[in-house]
Amino acid sequence: MHMPEETMAKMEVKTSLLDNMIGVGDMVLLEPLNEETFINNLKKRFDHNEIYTYIGSVVISVNPYRSLPIYSPEKVEDYRNRNFYELSPHIFALSDEAYRSLRDQDKDQCILITGESGAGKTEASKLVMSYVAAVCGKGAEVNQVKEQLLQSNPVLEAFGNAKTVRNDNSSRFGKYMDIEFDFKGDPLGGVISNYLLEKSRVVKQPRGERNFHVFYQLLSGASEELLNKLTLERDFSRYNYLSLDSAKVNGVDDAANFRTVRNAMQIVGFMDHEAESVLEVVAAVLKLGNIEFKPESRVNGLDESKIKDKNELKEICELTGIDQSVLERAFSFRTVEAKQEKVSTTLNVAQAYYARDALAKNLYSRLFSWLVNRINESIKAQTKVRKKVMGVLDIYGFEIFEDNSFEQFIINYCNEKLQQIFIELTLKEEQEEYIREGIEWTHIDYFNNAIICDLIENNTNGILAMLDEECLRPGTVTDETFLEKLNQVCATHQHFESRMSKSSRFLNDTSLPHSCFRIQHYAGKVLYQVEGFVDKNNDLLYRDLSQAMWKAGHTLIKSLFPEGNPAKINLKRPPTAGSQFKASVATLMKNLQTKNPNYIRCIKPNDKKAAHIFSEALVCHQIRYLGLLENVRVRRAGYAFRQAYEPCLERYKMLCKQTWPHWKGPARAGVEVLFNELEIPVEEYSFGRSKIFIRNPRTLFKLEDLRKQRLEDLATLIQKIYRGWKCRTHFLLMRKSQIVIAAWYRRYAQQKRYQQIKSSALVIQSYIRGWKARKILRELKHQKRCEEAATTIAAYWRGTQVRREYRKFFRANAGKKIYEFTLQRIVQKYFLEMKNKMPSLSPVDKNWPPRPYLFLDSTHKELKRIFHLWRCKKYRDQFTDQQKLIYEEKLEASELFKDKKALYPSSVGQPFQGAYLEINKNPKYKKLKDAIEEKIIIAEVVNKINRANGKSTSRIFLLTNNNLLLADQKSGQIKSEVPLVDVTKVSMSSQNDGFFAVHLKEGSEAASKGDFLFSSDHLIEMATKLYRTTLSQTKQKLNIEISDEFLVQFRQDKVCVKFIQGNQKNGSVPTCKRKNNRLLEVAVP
Ligand SMILES: Nc1ncnc2c1ncn2[C@@H]1O[C@H](COP(=O)(O)OP(=O)(O)OP(=O)(O)O)[C@@H](O)[C@H]1O
Ligand SMILES: [Mg+2]
């Protein structure tokens, strides 16, 4: 079955270190238990990269000598907030347990990491710190505290660690660090205590080992500039204090580490100048090693030492600000003050070297202590609130070298003390637990090393006390006298051996060299060389040197040697190194006892610092002296396994019907029911107050097997139920969906049906309503028609009645009246319309609107005529008198000649001027004018036709009121004068010519020559005027004859003037020809 990841993760919570176990994760469960199985189990696990194994709550850690992928942030998350036995053994599980009981149960914790050099203690302590840092509080301030705590490690490691044959990064000091937390579990700060730095390493290192890392780091990593400043050279061989055979360590980059250290110093809070001062002291120590001495004979026969080459000394003094002569003197003399007396003695070469090395060692170890204090200053908690404390102890492991000296003695003493506290807290605690839990129990024997501790630290006859006594004793004191003393005091101690004590007992034990003693430590026998014990314990620095240092200009160096201040001279001896150490170890033990211990026991799998190698002999030795087997035995003396009732019930409750799935009562009762049900033999377990104790691991494994089996069944059951549940929910869901769908569908169908019924009802309704309405309409219409018919009938009827009544009044003239009215109306309309349609006032305008009605025809014509007359009158009214005269004349002419004489039409357009010749103006005619008194009507030149031949001559024709005159054109002389009364007739043709004849009264004077025949261009005008003048003068109408043949009287002859159609030969001018005396022919063209 496929499960979602979340479910898987939840199920995983219920795992146990018993799941997927390689070997056994907890040695307590080892079956059978003996050294071989123990080692085999460790080896098996080691081969599978399981480097951690439990003994109850103690963690055994086997150094893998290679990096394993088990410290990742994911792993941290895995172990965070999980129960100790839930996951496979890990240092994180222990850290988590410690941190949580610190945070949640308010119990101060300490983590004790033990094991021999190179077993991985320092690494383990760093893992613990990094785990705690990862899981404790977050936030900028907290992070800074964490960072400072973590970064204190590289600084201290650079100055306090060195490469040894056992470990490339061996801690040469003991370190105990208290990490302080507030009530929430957020880190507040820390305090570091350091224990006994192995300062002898500064001046001398065993073969294959190095000095402290910092010297190599400084020379490899410092910039040229810095090296110049420190007057150092980048060459290890230049310095006597640096061993050459292993200056380079495989896989270690000193230069890079130097940068890391400087960076860490900065993070921890060192000021730049502080860091520089520290490096200056380091440089001074290095350079001290290069000062060499030579003997110089003195007068008293003794050798006095002198510095060989003062150059190095000079540089040191420049670097440290010490007066060169003061230092030089301090290397040559020694001043002893006793009872206010100062005695100065010279130093020989050996003493000078001793003084130099003592100075170097002191300088360095004091610098180291200063560093620790300086770091403490930075990381100390800033608040005064109550703190919870987690102590991490990483102290040098048990050491057995070829040559073991004072340092090893001290170190091993410390380890004895730790073992002691382990025994006290663990083995004792185990047995106490049974008592606490009320379990019946038989005491188990284990080796208690209290006796060895006593051998060393006993105040009256302990080795350290003896040493102090020797050191303080007046007289010559040597290492040999010290050994003698030991031989006296400790000879009977079962853990102490020496050649002397031995020889006294067994006569001869050549295995023990001279000047040595052997202690049978809990972890093995160690042979110590007494040489140097007294010196090292005294830890003497000549006062001249400390005073010289105090006088240094270098503030750091000055502060390192407060006893050099002459004002504070103290004649009391300072406490010896041994007693100092004893005291600090005692405080440490006291401190640890107040805390809840957590153990990490480190085991070194091989001596080669190599991965994958598991040396059984080596491991066997370690588990022996660590007492691990005893640890297991005690742990399971009565009962191999114990567990609180709640988790036990939780883990196995599925094995019994009553407890599965839930147990309602107290957990203990549940476990009882469970164990009864499983028929576990009663002697196999016991009920404690809060825990169940299982005697035999087999029982536990049986339980585990059952559980595994049951889990499979349960998985099937869960699967079954889950599948059933899934199907059922699916089915229910489907059913629910089906109901919803059906409901919706029904609703929809009903809605549809309802809509249909509703629309049908509406149709029917509308039809019925329509039908009803139509019916009503029909009725109403019928009713209305009836009413209308009645009205019509009534109207007709009334009309008939009225007409019948009024007929007598109407019939005679109604029609006429109407007719007249209509006519009147039409006429009125006609006139009104005519008014608007009038044509223009021009007399020649022929337009006239059409007649609208036939019966108005005559009126229309009459109106047209009247209008025309009226507009003619209007036109005439504009004329002047002269115009009037002219028109009268023209009218006269028209009456006389129109349609009679062909010439007439051409004359209509000519104005009648009368006096064409202007006689009054022309002087030629003055005589003529004077002769005529009357008004001249016509004055014109005419052609007088010669009566005889028909030829013409020009004559002036003058007409006055009474006379007609002819005058010569040139002379103006009157040729003839005819009174008008003598003129009888005027003749002319009907044609288009200007010929006319003036007939004279027969018998008159003028008629003697006969009638006149003239031709003129103005014939019509002349004839008209002549007619009018004659009429006005004589009141007789002048006879005007128009004929194409007429007779004229020429003298005596009557001559016929005949007008013929002439040919065109003579052009357009009529020609006159006398044919004979009876005929005068005029040819008219
Ligand atoms: N958990 C680990 N994983 C990987 N390598 C480790 C582990 N523990 C130790 N080592 C390796 O072993 C070396 C020695 O470890 P460490 O310095 O912790 O020993 P130690 O017990 O402190 O020794 P000493 O007593 O000399 O200080 C480390 O430098 C590292 O290379
Ligand atoms: Mg270490």
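Asks: Any chance you could explain the pairing of strand 7 (residues 187-195) here in plain terms?
Replies: With eight bridges joining them, strand 6 (residues 174-181) and strand 7 adopt antiparallel strand pairing. Paired with Phe181 across the two strands is Pro187, which belongs to strand 7. Hairpin connection from strand 6 to strand 7: five residues lie between these consecutive antiparallel strands, with Gly185 at a positive phi of about 95°.

Asks: Would you mind showing me how to read the packing of aromatic side chains here?
Replies: Considering all chains together, one arrives at 40 aromatic pairs under this definition. Taken together, Phe406, Phe409, Phe482, Phe496, Phe517, Tyr528 and Phe533 form an aromatic cluster joined through their ring pairs. A cation over a ring is seen here: Arg329 above Phe333, with NZ or CZ 4.4 Å from the ring centre. Residue placement shows Arg601 over the ring face of Phe422; its charged tip is 3.9 Å from the ring centre.

Asks: Sorry if this is basic, but what is going on with the packing of helix 2 (residues 35-47) against helix 24 (residues 616-626) here?
Replies: Packed helices, taken two at a time, are described by the angle their axes make and the gap between the axes. Where helix 2 contacts helix 24, the axes come no closer than 11 Å and their chain directions differ by 115°. Considering only the axes of helix 2 and helix 24, their crossing is right-handed. Contacts from Glu35, Phe38, Ile39, Leu42 and Lys43 in helix 2 reach Glu616, Val619, Cys620, Ile623 and Arg624 in helix 24. Broken down by class, the residue content of the contact of helix 2 with helix 24 amounts to six nonpolar, no polar and four charged.

Asks: Would you mind showing me how to read the site of ligand 1 here?
Replies: Around ligand 1, the structure places 18 residues, and the nearest of them are Asn63, Ser117, Lys121, Thr122 and Ser170. Contacts to ligand 1 include Ser170, whose side-chain N or O atom sits 2.5 Å from an oxygen atom. Here ligand 1, which alone exposes 620 Å², has 87% of that area covered by the protein. Secondary structure elements with two or more residues in the shell around ligand 1: helix 5 (121-135) and strand 5 (170-171). Sorting elements by how many residues they give to the shell around ligand 1 places helix 5 first, with three residues.

Asks: How do you make sense of the side chain of Ser378 when you look at a structure like this?
Replies: Among the secondary structure elements, Ser378 is positioned in helix 14 (residues 349-379). By relative accessible area, Ser378 is classed as buried at 14%. Within polar-contact distance, the side chain of Ser378 engages the backbone oxygen of Val268 at 2.8 Å. In this view, Ser378 contacts Gln148, Val268 and Gly269; residues no more than four positions away in its chain are not counted.

Asks: Is there a simple way to explain the nonpolar core in this structure?
Replies: Most often, soluble globular proteins have nonpolar side chains that are buried together. Core analysis: the largest hydrophobic core is formed by 206 residues, its most contacted members being Phe38, Phe159, Leu327, Phe331 and Phe517. Discounting residues that sit within four places of it in the chain, Phe38 has contacts with Met27, Leu30, Leu33, Ile55, Ile60, Ile623, Leu628, Leu629 and Val632. In this structure, Ile937, Phe957, Leu959 and Leu1026 belong to the second largest nonpolar core, which totals 33 residues.

Asks: What's the story with the sheet that holds strand 17 (residues 641-644) in this structure? I'm lost.
Replies: Here three strands make up an open sheet; going across it, the order is 17-19-18 and the pairing antiparallel. Each end of this open sheet is capped by a strand with a single partner; those strands are strand 17 and strand 18 (685-687). Going from strand to strand, the sheet's axes swing by 15° on average, the running direction of each strand aside. The pairing of strand 18 with strand 19 (residues 691-694) spans three bridges and is classified as antiparallel. When the bridges of strand 19 are listed, Ser686 appears paired with Phe693. Together, strand 17, strand 18 and strand 19 form the strand contacts of helix 26 (residues 645-652), whose direction differs from that of strand 17 by roughly 100°.

Asks: Would you take a moment to explain the side chain of Ser686 for this structure?
Replies: Positionally, Ser686 belongs in strand 18. Excluding its chain neighbours within four sequence positions, the residues that come into contact with Ser686 are Ile439, Tyr639, Lys691, Ile692 and Phe693.

Asks: Could you clarify how one ought to interpret the coordination of the magnesium ion (ligand 2) in this entry?
Replies: Put simply, the ideal angle at a metal is 109.5 degrees for four donors in tetrahedral geometry and 90 or 180 degrees for six donors in octahedral geometry. Only Thr122 (OG1) and Ser171 (OG) from the protein coordinate the magnesium ion (ligand 2), and they sit 1.9 to 2.0 Å from it. Remark: Ser171 occurs in strand 5 and Thr122 occurs in helix 5; sequence separation between them is 49 residues.

Asks: Which parts of the structure should I look at to understand the sheet that holds strand 15 (residues 524-529)?
Replies: Strand pairing in a sheet relies on backbone hydrogen bonds. The paired strands run either parallel or antiparallel. Judged by pairing direction, the sheet is antiparallel, and its three strands sit side by side in the order 13-14-15 without closing on themselves. Every interior strand has two partners, whereas the edge strands, strand 13 (496-498) and strand 15, have only one. Strand after strand, the sheet turns through a mean of 25° between neighbouring axes, direction not considered. With six bridges joining them, strand 14 (residues 516-521) and strand 15 adopt antiparallel strand pairing.

Asks: Explain the pattern of salt bridges here, please?
Replies: Pairs can form between side chains of opposite charge whenever their charged atoms are close. On inspection of all chains with the given rule, the structure shows 61 salt bridges. With its nearest N and O atoms 2.5 Å apart, the salt bridge here joins Glu315 to Lys287. Of this pair, Glu315 sits in helix 12 (residues 310-320) while Lys287 sits in helix 11 (residues 272-288), and the two are 28 residues apart along the sequence. Between Lys604 and Asp607 there is a salt bridge, and its shortest N-O distance comes to 3.8 Å. With a relative accessible area of 1%, Lys604 lands in the buried category.

Asks: In this structure, what is going on with the pairing of strand 14? I would like to understand it.
Replies: On any regular strand, side chains alternate: one points to one face of the sheet, the next to the other face. Among the six residues in strand 14, five count as buried, and that is most of the element. Two strands pair when backbone bridges link them, and strand 13 and strand 14 are joined in this way by three bridges, in the antiparallel orientation. Directly across from Glu497, in strand 14, lies its bridge partner Arg518.

Asks: Looking at this model, I keep getting lost on the confidence of the model for the protein. Mind explaining?
Replies: Should the pLDDT be low somewhere, the predicted coordinates at that spot are not to be read in detail. Of the residues in the protein, 95% reach a pLDDT of 70 or more, and the chain-wide mean stands at 86. Across residues 1-14, confidence stays below pLDDT 50; counting only partners more than four residues off in sequence or on other chains, it has ten contacts.

Asks: Explain helix 4 (residues 91-105) to me, please; I cannot follow it from the model alone.
Replies: For an α-helix, 3.6 residues make a turn, and residues three or four places apart therefore share a direction. When the terminal C-alpha atoms of helix 4 are compared, their 20 Å separation across 15 residues agrees well with the 21 Å that a helix rising 1.5 Å per residue should span. Taken across its 15 residues, helix 4 has eleven buried, putting it largely inside the fold. Along helix 4, the residues classified as buried are Ile91, Phe92, Ala93, Leu94, Ser95, Asp96, Ala98, Tyr99, Arg100, Ser101 and Leu102. Asp106 lies just past helix 4 and shows a positive phi near 60°.

Asks: Is there a simple way to explain helix 5 in this structure?
Replies: In this model, helix 5 (15 residues) spans 21 Å end to end at C-alpha, consistent with the 21 Å of a helix rising 1.5 Å per residue. Along helix 5, eleven of the 15 residues are buried, which leaves the element largely enclosed by surrounding structure. Burial in helix 5 covers these residues: Lys121, Thr122, Ala124, Ser125, Leu127, Val128, Met129, Tyr131, Val132, Ala133 and Val135.

Asks: Mind showing me how you'd approach a nonpolar patch on the surface here?
Replies: Taken together, the side chains of Leu717, Ile718, Ile721, Tyr722 and Trp725 present a nonpolar region at the surface, about 500 Å² in accessible area. On the secondary structure map, Tyr722 appears in helix 28 (residues 697-810). Classification of Tyr722 as partly exposed rests on a relative accessible area of 36%.

Asks: Can you help me understand unusual backbone geometry in this one?
Replies: Glycine aside, negative phi is the norm for most residues, and most peptide bonds take the trans geometry. Of note, the amide linkage connecting Glu31 to Pro32 takes the cis form, showing an omega dihedral of -5°. In this fold, Pro32 is placed in the loop between helix 1 (5-12) and helix 2. With an omega dihedral of -5°, the bond running from Trp660 to Pro661 counts as a cis peptide bond. By the element assignment, Pro661 lies in the loop between helix 26 and helix 27 (667-677). Look at Leu196: it is not a glycine, yet its phi comes out positive at around 35°. In this fold, Leu196 is placed in the loop between strand 7 and helix 7 (200-203). Accessibility expressed as a relative area gives 29% for Leu196, which makes it partly exposed. Non-glycine residue Glu679 carries a positive phi angle of around 55°. On the basis of relative accessible area, Glu679 is assigned to the exposed category, the value being 66%.

What counts as what
- Residues numbered from 1 in each chain as written.
- Chains lettered and ligands numbered in written order.
- Predicted model: local features only at pLDDT ≥ 70, side-chain atom pairs only at ≥ 80, totals over all residues.
- Heavy atoms only, no water.
- Pairing = 2+ DSSP bridges.
- Helix = DSSP H or I, 4+ residues; strand = E, 2+ residues; numbered from the N terminus.
- Phe/Tyr/Trp six-rings, centres within 6.5 Å; stacked < 30°, edge-to-face > 60°.
- Lys NZ or Arg CZ within 6 Å of the ring centre and 35° of its normal.
- Axes fitted to C-alpha atoms, helices over the stretch in contact; angles between N-to-C directions.
- Left-handed = near helix turned anticlockwise from the far one by under 90°.
- Contact = heavy atoms within 4.5 Å.
- Nonpolar A, V, L, I, M, F, W, Y, C, P; charged D, E, K, R; others polar.
- Near = heavy atom within 4 Å.
- Polar contact = N/O pair within 3.5 Å; in protein donor to acceptor, adjacent residues only side chain to side chain.
- Areas by Shrake-Rupley, 256 points an atom, 1.4 Å probe, with all protein chains shown as cover.
- Buried < 20%, exposed > 50% of the residue type's maximum accessible area, 1.4 Å probe, protein only.
- Core = buried A, V, L, I, M, F, W, Y, C linked by side-chain atoms within 4.5 Å.
- Donors = N, O, S within 2.8 Å, 3.2 Å for Na, K, Ca; no water.
- Salt bridge = Lys/Arg side-chain N within 4 Å of Asp/Glu carboxyl O.
- pLDDT = per-residue confidence, 0-100.
- Expected span 1.5 Å × (residues − 1).
- Patch = residues over 30% accessible without salt bridge, like charges linked within 9 Å, V, L, I, M, F, W, Y side chains within 5 Å.

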